[in-house]
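Reading the structure
Read off the chains here:
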Protein chains: 2
Amino acid sequence: MAKWIWYPGDFELYHAMLVNNRREKRGMFYSPMWRVDAPNRNMRFYKIAVLEKPEFIRVIANSPDTELVINGTKHPINEKIKLEPGRNFIKVSVFAPATFPCVYCEGETFASDESWMTATFGAGDKNVGTNEMYISPDDDPTVFKFSYKTVYPVSSERVKDGTLYDFGKELMGKLVLESAGCPPQSLFAVYGESRAEALDPENAEINERFEFTGEKTTLRSRACRYVYIGGDCGGLDVSYEYEYLPIEYKGKFECDDELINKIWQISRYTFELNTREAYFDGIKRDRWIWAGDAYQSYFVNFYLTGDKDTVRRTTKMLRGTGKMYQHINTIVDYTLYWIIGIWDYYYFTGDKDFVRDIFPETKEIWELIYDRVDERGYIIGNPKKGDWTFVDWADTANRGTVCAEQILLCAAYSAFAKICRLLGKDEGEYQKKADELAKNITRDFWREEKGAFVDCIDNEERVDVVTRHANIFALRYGVADEHMKKRIIECVIKNDAIPRITTPYFEFFELDAMCEIGETDYFSDMLHSYWGGMVKLGATTFWEEFDPTQQGNEHFEMYSNKFGRSLCHAWASSPIYLLGKYVLGVRPTSAAYKTFDVVPNTLGLNEISGRVPVLDGYVDVKMNNGTVEVLTDVEGGTLVIGKKRIPLTAGKAVKADV
Amino acid sequence: MAKWIWYPGDFELYHAMLVNNRREKRGMFYSPMWRVDAPNRNMRFYKIAVLEKPEFIRVIANSPDTELVINGTKHPINEKIKLEPGRNFIKVSVFAPATFPCVYCEGETFASDESWMTATFGAGDKNVGTNEMYISPDDDPTVFKFSYKTVYPVSSERVKDGTLYDFGKELMGKLVLESAGCPPQSLFAVYGESRAEALDPENAEINERFEFTGEKTTLRSRACRYVYIGGDCGGLDVSYEYEYLPIEYKGKFECDDELINKIWQISRYTFELNTREAYFDGIKRDRWIWAGDAYQSYFVNFYLTGDKDTVRRTTKMLRGTGKMYQHINTIVDYTLYWIIGIWDYYYFTGDKDFVRDIFPETKEIWELIYDRVDERGYIIGNPKKGDWTFVDWADTANRGTVCAEQILLCAAYSAFAKICRLLGKDEGEYQKKADELAKNITRDFWREEKGAFVDCIDNEERVDVVTRHANIFALRYGVADEHMKKRIIECVIKNDAIPRITTPYFEFFELDAMCEIGETDYFSDMLHSYWGGMVKLGATTFWEEFDPTQQGNEHFEMYSNKFGRSLCHAWASSPIYLLGKYVLGVRPTSAAYKTFDVVPNTLGLNEISGRVPVLDGYVDVKMNNGTVEVLTDVEGGTLVIGKKRIPLTAGKAVKADV
């Protein structure tokens, strides 16, 4: 099967470049705040095909500036060319200055695919890159391949000298206007995730003044639920080309608590909207790729679709190419999640090829990290070099020696050591560094009397301050021993005096830690109060931040902008992950999902049924008034009921009492 | 004065990319045979302007995806914006994916210029790049700024079903067709440097089938003297938009030998045609930038225009950016000329800023060279890594330990040592390596009994073979001591048994060496026979190769192509350099032209007058029946007549007997 080919990484670099440079704010370009790497503009590809019989091939490329040379002789592109039996050396050179060079070759017994090489003029030839989305000669790898369906407004109303359209739920895609009597004129579109935003042209994040020519007019892809068309005299047919990736959403969840079902579905839809060229943060505002947000999306994805391609693309797009001088997204923690995420990806998918593929770029990151590690072995964000110590939108330390960052560094060392071992490479000092760092973190940050790791040790305002963040990480990444775990649960997690988490982002980590220690009631409460709170306010997707104490339009404000908050933020879709892992209870217990446990938890409900994607298969779990039935088509599973461990066999349903 | 600004090097990388990817052959794209580096696609520029009074600025860029932020607030581009007194932090981010990001800012007391910075997100901010050609807001740095004038055919004649147009001399530019009764139709243009080529559609190097719409039709820039329009029914007005750089050609030469005058003028015109984005090899075929050809063009330029910008552009374009894995143009000797040429550029111009500017890229080249230097200290082309040992189109060694390459390496060490000293940097081992290598070359390649350096020491077919090439280099680059020099002149240069040089390329080096040792009669003979031979055949520009023994169309063949030879090749314009240096006799005697000698030589003629550009001034030399008059506007000169040395003073003519 023929595939479009390119220099490995160019496809991801190109689309990441476009994604990074597509942000807008009220008609103005909004530039990325980090370096954006670009793909190649010219490239040479080659293939040595040894044929037994004569064969016809046809070569096409995405630029007229293409040279096809077969056995030293130039040939035209886009024509059938006869190859003779024996060795055929096929060389295609492409200059595509505005995009990146892509080639497609159809033959009878061979075609363009991963076996083709790129000539790097001395730097070491490499196998080309491909993507399963681009396999037809009519495909264009420089256009990201979305699917579309038309959506119509559920209602419209005249407001001032225009019309407000409500599509009933958040959408991503292209606003389409057709005349139903409306004459050509200048119109003004205001996009709103909320009704209030669409009706506030001055404060809405996204708007556009455009010429309606009377012909069908399609605006660029954007997100909204509401659109206000200023100047719309009423004779307009308005619709939306909903733009999405046709990924199979294998995961399922249903129970006898309708609110939880709603939360699962809204989470799913929130995630779908943010799954595009890569996993985005939110669909209205940045549509950028942030490594922390993406890291959480990976886990949601593992419980919802099992899609590998978007994880791989996201990973490559975040990394860019070449030597790094700043952290990914400029954020110290985000660089570390990026490394950790590669091991998690392998753990859940077993895709060793990708780990090998991205290894050179993974290894190179340590140069940057070591540049920021001091003589004690601690990583310190250097604001002078543009580093941002984020952790969370919360009152946590963002300068000095921050505990949460050290725990992530420790996890990154450990993940990289495992990656090296997996690939049969020398793991160097990485595991040793992880072990030493864990010890030092305990020595320097642990306060036995507080039963907690402190936030920071050398930022005077924060010395001996305890937050949930570092302690959640200590639980999550194995820095806390059994004794510490107990103390943390008692003194931090269950201590109402320690400020609560306020972002869905850190709720992911907190609830993951809580569920891990069996505190699923806490999770159930949070589902109902936190996510349920957004449902109550009519959310059709989940938000970047939610404070139940806020009122009305206060919910929409963030970053000093009246409608700055994203109402469709990927990091809010963690219920998918949490319900899959801690209620359906499906959890890998060794790398590459070779073994896994199913530990069902009714959460106090009578009926629950659902599916978790596992490798290329699934695990179905059904709970019904005290019994559980598990069916899977992959090997390696064990149903765990209390202390009882019941082996699972592919294709054979197992029933037990919970 | 406002200038367009960009990331330093982007302008040169962009235009080099286009130049490299512009070659064609009979309607097909002809790909470059080396890596071509690309400019940035997005960039951030900034300036901190401290103002005493309020001031208006206007910022424009070459892309709508531009963000202008002043003191943290976004502003529109292309509008007047008021800055307040005090510190103003101006930040402009541009995404120009198809070209490279360029910005222009007009103010009252300040504007975009070299003082602006590019933000490299952690890699160390750099001053922007500029070019004196792009100083108006209407300029577009992505379009190379040529000048144009219209040229009409001197004759036309009907041939078969078309018309042959003769423009009377070689041209570069755009063929323009306008209807004088000719209806819209498909036409076919065949370009010829010779009449024979234009009339041979199948073998001509350049042709194009195009639609003549009846409207004015302009084809892309190409070179020719003749154009045949197939299908031309006669009702066409044909002209050429001659495309050139408006450089001041300060150099002059006139004498009472009309053939030499013609040779000088044709050399000048040959050079003019090849002086474009960079110094090209030839104007019809490659129009590529070759470091060996360019190296010779630098010397012609120093005696013809004194233009610094084209030398700088050529140097940057040849180098590209980043780590090198192959030699410049893949040729071992060409990498070495590139380094040597930087010192020569400084020697003739005193432009230390550029030497400093290109220093990082110069230094990095040694990594590549050292990769190819063996334990004996000799540089060996590695064909497996794509290296090409060229030396000349002649029967010289192109594998093994080649003497000519070692002499160039020695000269490159020495040039780099001088560059380091000039910039106040540690010269490292470079001078020592040069001295050692010179000794070893003598030990291993010198054959006292032959009075010659041998071509190669370990290529069995060539052991102890003597060619002119290595020996010319030994004279030129100071490897031969006084004794060896004498022996070489006697045993090689004046020895008819040693095969003659056949390319104008190596004639440059040979005649330079011959003139240097006072053999100007040999030069005079070559002028008349070699260059004069081309004039006799009607050349309007000088050729890539000339063999006086060939007949008719044989002169046009090369590289197994009937019209493969370039009839307008920059390396054939060396008479400009040789007449300036050895007849007018103007020669720098210390770096940066701080001192220079004028050593006139009548070449046996009665009347000679000419001008050589020196720094920003000139030296005029007039010889008339045994007297010489020298006038210069720069200091540091000495008129040298035999053993007499007469100091020159700026602005004061000095007369003497020759």
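Residues numbered from 1 in each chain as written. Chains lettered and ligands numbered in written order. Predicted model: local features only at pLDDT ≥ 70, side-chain atom pairs only at ≥ 80, totals over all residues. Heavy atoms only, no water.

**As for the pairing of strand E3 (residues 42–51) of chain A**
Residues and elements named next belong to chain A.
- For E3, the tally of buried residues reaches 8 of 10 residues, placing the bulk of the element in the interior.
- Bridge count for E3 against strand E8 (residues 86–95) is 10 bridges, and the pairing is antiparallel. The residue bridging Ala49 from the neighbouring strand is Asn88, located in E8. (Buried < 20%, exposed > 50% of the residue type's maximum accessible area, 1.4 Å probe, protein only. Helix = DSSP H or I, 4+ residues; strand = E, 2+ residues; numbered from the N terminus. Pairing = 2+ DSSP bridges.)

**Looking at a nonpolar patch on the surface**
All names here are of chain B.
- Taken together, the side chains of Ile48, Val50 and Phe89 make up a nonpolar region of the molecular surface, amounting to roughly 260 Å² of accessible area.
- Within the element layout of this structure, Val50 appears in strand E3 (residues 42–51).
- Judged by relative accessible area, Val50 falls into the exposed class, the value being 63%. (Patch = residues over 30% accessible without salt bridge, like charges linked within 9 Å, V, L, I, M, F, W, Y side chains within 5 Å. Areas by Shrake-Rupley, 256 points an atom, 1.4 Å probe, with all protein chains shown as cover. Salt bridge = Lys/Arg side-chain N within 4 Å of Asp/Glu carboxyl O.)

**Details of the relation of the copies chain A and chain B**
- Mapping chain A onto chain B leaves a residual RMSD of 0.0 Å; the transformation is a rotation of 180 degrees accompanied by 0.0 Å of translation along its axis. What we have between these two chains is a two-fold relation. Considering only C-alpha atoms, the residue of chain A closest to the rotation axis is Ala98(A), which sits at 1.9 Å. (Least-squares fit on C-alpha atoms with pLDDT ≥ 70 in both.)

**Some details on the domain arrangement of chain A**
Residues and elements named next belong to chain A.
- Domain annotation of chain A identifies domain 1 (10–127), domain 2 (147–244), domain 3 (249–320 + 501–582), domain 4 (332–389 + 395–499) and domain 5 (587–657).
- Between the C-alpha centres of domain 3 and domain 4 there is a distance of 23 Å.
- Listed by partner, the interface residues are 29 residues for domain 3 and 29 residues for domain 4.
- Both faces combined, the contact of domain 3 with domain 4 buries some 2,700 Å², and carbon together with sulfur accounts for 72% of it.
- Taken together, the links from domain 3 to domain 4 amount to 6 salt bridges.
- Glu519 serves as the salt-bridge partner of Lys494, at 2.5 Å between the closest nitrogen and oxygen.
- Our enumeration of links across domain 3 and domain 4 arrives at 13 residue pairs in polar contact (both at pLDDT 80 or more).
- Put simply, the parts of the chain that give the side of domain 3 that touches domain 4 at least two residues each are helix H4 (291–304), helix H5 (309–319) and helix H13 (504–516).
- Considering only residue class, the side of domain 3 that touches domain 4 consists of 19 nonpolar, 2 polar and 8 charged. (Domains from an automatic or database assignment. Contact = heavy atoms within 4.5 Å. Buried area = accessible area lost by both parts, 1.4 Å probe. Polar contact = N/O pair within 3.5 Å; in protein donor to acceptor, adjacent residues only side chain to side chain. Nonpolar A, V, L, I, M, F, W, Y, C, P; charged D, E, K, R; others polar.)

**Section: the environment of Gly377(B)**
Residue and element names in this part refer to chain B.
- Position of Gly377 relative to the elements: it lies in the loop between helix H8 (359–372) and helix H9 (403–422).
- Remark: the alpha-carbon pair of Gly377 and Lys433, spanning 56 residues in sequence, is separated by 8.4 Å.
- Excluding anything up to four places from it in sequence, Gly377 contacts Gln406, Leu409 and Leu437.

**Overview of the packing of aromatic side chains**
Residue and element names in this part refer to chain A.
- This structure, assessed with the given rule, holds 134 aromatic pairs over all chains.
- When the ring of Phe359 is compared with that of Phe416, the centres are 5.5 Å apart and the planes differ by 10 degrees; the resulting orientation is stacked. Here the residue Phe359 occupies a position in helix H8 (residues 359–372), and Phe416 occupies one in helix H9 (residues 403–422), the gap between them amounting to 57 residues. No difference in accessibility class separates Phe359 from Phe416, as the two residues are buried.
- Here the aromatic rings of Trp366 and Phe416 are separated by 5.6 Å at their centres, their planes lie at 55 degrees, and the arrangement is tilted. Of the two residues, Trp366 is situated in helix H8 and Phe416 in helix H9; the sequence distance between them amounts to 50 residues. Grouping residues by exposure puts Trp366 and Phe416 together as buried.
- Lying across the ring of Tyr269, Lys169 places its NZ or CZ 4.4 Å from the centre. (Phe/Tyr/Trp six-rings, centres within 6.5 Å; stacked < 30°, edge-to-face > 60°. Lys NZ or Arg CZ within 6 Å of the ring centre and 35° of its normal.)

**Some thoughts on the pattern of salt bridges**
All names here are of chain A.
- Taken as a whole and judged by the stated rule, the model has 106 salt bridges over all chains.
- Of the charged contacts, one joins Glu205 and Arg26 as a salt bridge, the two residues approaching to 3.9 Å between their closest N and O atoms. Placement of the pair is Glu205 in the loop between helix H2 (195–198) and strand E16 (206–212) and Arg26 in the loop between strand E1 (24–25) and strand E2 (28–29), with a sequence separation of 179 residues.
- A relative accessible area of 3% places Glu205 in the buried class.
- Exposure remark for Arg26: the relative accessible area of 29% places this residue in the partly exposed category.
- For the salt bridge of Arg462 with Asp455, the shortest nitrogen-to-oxygen distance reads 2.7 Å. In this pair, the class of Arg462 matches that of Asp455, namely buried.
- Because the salt bridges share partners, they merge into one network encompassing Arg23, Asp281, Arg285, Asp286 and Glu544.

**Examining the nonpolar core**
- Residues Leu175(A), Ile441(A), Phe453(A), Tyr477(A) and Phe509(A) are the most contacted members of the largest nonpolar core, which totals 205 residues.
- Residue contributions to this core peak at 15 residues, all from H9(A).
- Ranked by size, the runner-up nonpolar core spans 202 residues in total, among them Phe95(A), Val19(B), Tyr303(B) and Ile331(B). (Core = buried A, V, L, I, M, F, W, Y, C linked by side-chain atoms within 4.5 Å.)

**A few points about the sheet that holds strand E7 (residues 81–83) of chain B**
Residues and elements named next belong to chain B.
- Taken together, 3 strands build an open sheet; the order of strands is E7-E4-E9 and the sheet is antiparallel. The sheet is open, and its two edges are formed by E7 and strand E9 (103–106), each paired on a single side. Strand-to-strand twist of the sheet, defined as the mean angle between neighbouring strand axes without regard to direction, takes the value 35 degrees.
- Here strand E4 (residues 55–61) pairs with E9 via 4 bridges, running antiparallel. When the bridges of E9 are listed, Ile60 appears paired with Tyr104. (Axes fitted to C-alpha atoms, helices over the stretch in contact; angles between N-to-C directions.)

**Some details on the packing of H9(A) against helix H10 (residues 430–445) of chain A**
Residues and elements named next belong to chain A.
- Following both chains from N to C, one finds H9 and H10 inclined at 160 degrees, their axes separated by 8 Å at the closest point. For the element pair H9 / H10, the angle class is roughly antiparallel. By crossing handedness, the relation of H9 to H10 is classed as left-handed. Within the contact between the two elements, H9 uses Cys403, Gln406, Ile407, Leu409, Cys410, Tyr413, Ser414, Phe416, Ala417 and Arg421 and H10 uses Tyr430, Gln431, Lys433, Ala434, Leu437, Ala438, Ile441 and Phe445.
- For the contact of H9 with H10, a count of residues per class yields 13 nonpolar, 3 polar and 2 charged. (Parallel < 35°, antiparallel > 145°, perpendicular 65-115°, else oblique. Left-handed = near helix turned anticlockwise from the far one by under 90°.)

**Describing the interface of chain A and chain B**
- Contacts between the two partners involve 35 residues from chain A, matched on the other side by 35 residues from chain B.
- Interface area for chain A against chain B, summed over the two sides, is near 2,900 Å², with a carbon-plus-sulfur share of 61%.
- For chain A, the biggest contributors to the area lost against chain B are Phe29(A), Arg41(A) and Phe121(A); these three give 25% of the whole.
- Viewed at the interface, chain B and chain A are joined by 0 salt bridges.
- Across the contact surface, chain A and chain B share 20 residue pairs in polar contact (both at pLDDT 80 or more).
- Put simply, the parts of the chain that give the side of chain A that touches chain B at least two residues each are helix H1 (10–20), E2, E3, strand E5 (66–70), strand E6 (73–75) and E8 of chain A.
- Classifying every residue of the side of chain A that touches chain B by side-chain character gives 19 nonpolar, 10 polar and 6 charged.

**With respect to the packing of helix H4 (residues 291–304) of chain B against helix H15 (residues 575–582) of chain B**
Residues and elements named next belong to chain B.
- The geometry of H4 relative to H15 is characterised by a closest axis approach of 8 Å and an angle of 55 degrees between their N-to-C directions. Here H15 runs oblique to H4, going by the angle between their axes. Considering the relative orientation of H4 and H15, their crossing is left-handed. Contacts between H4 and H15 involve Phe299, Val300, Tyr303 and Leu304 on the former and, on the latter, Ile576, Tyr577, Gly580 and Lys581.
- Here the residues of the contact of H4 with H15 sort into 6 nonpolar, 1 polar and 1 charged.

**Re the environment of Tyr148(B)**
- Take Tyr148(B): it is sitting in strand E12 (residues 147–151).
- Within the structure, the side chain of Tyr148(B) is placed 2.8 Å from the side chain of Glu243(B), a separation counted as a polar contact.

**With respect to the sheet that holds strand E10 (residues 117–119) of chain B**
Residues and elements named next belong to chain B.
- One open sheet holds the 6 strands; their spatial order is E6-E5-E8-E3-E10-E11, and the pairing between them is antiparallel. The sheet is open, and its two borders are formed by strand E6 (73–75) and strand E11 (126–127), each paired with just one other strand.
- Looking at chain direction, E10 and E11 are connected through 2 bridges and run antiparallel. Directly across from Met117, in E11, lies its bridge partner Asn127.

**Quick notes on the environment of Lys149(A)**
All names here are of chain A.
- Examined against the element boundaries, Lys149 turns out to sit in strand E12 (residues 147–151).
- Once the C-alpha coordinates of Lys149 and Gly173 are considered, the two residues, 24 residues apart in sequence, prove to be 9.4 Å apart.
- When residues no more than four places from it in sequence are discounted, the contact partners of Lys149 are Tyr240, Glu241, Tyr242 and Tyr244.

**Examining the side chain of Asn274(A)**
- With respect to the secondary-structure elements, Asn274(A) resides in helix H3 (residues 258–274).
- Every residue in contact with Asn274(A), bar those within four places of it in the chain, is listed here: Tyr279(A), Phe280(A), Asp281(A), Gly282(A), Ile283(A), Cys568(A), His569(A) and Ala570(A).

**Some details on the side chain of Thr118(B)**
Residues and elements named next belong to chain B.
- Position of Thr118 relative to the elements: it lies in strand E10.
- Look at Thr118 and you get buried, because its relative accessible area is 0%.
- With residues up to four places along the chain from it excluded, the contact list for Thr118 reads Trp6, Tyr7, Pro8, Met43, Arg44, Phe45, Tyr46, Asp125, Lys126 and Val128.

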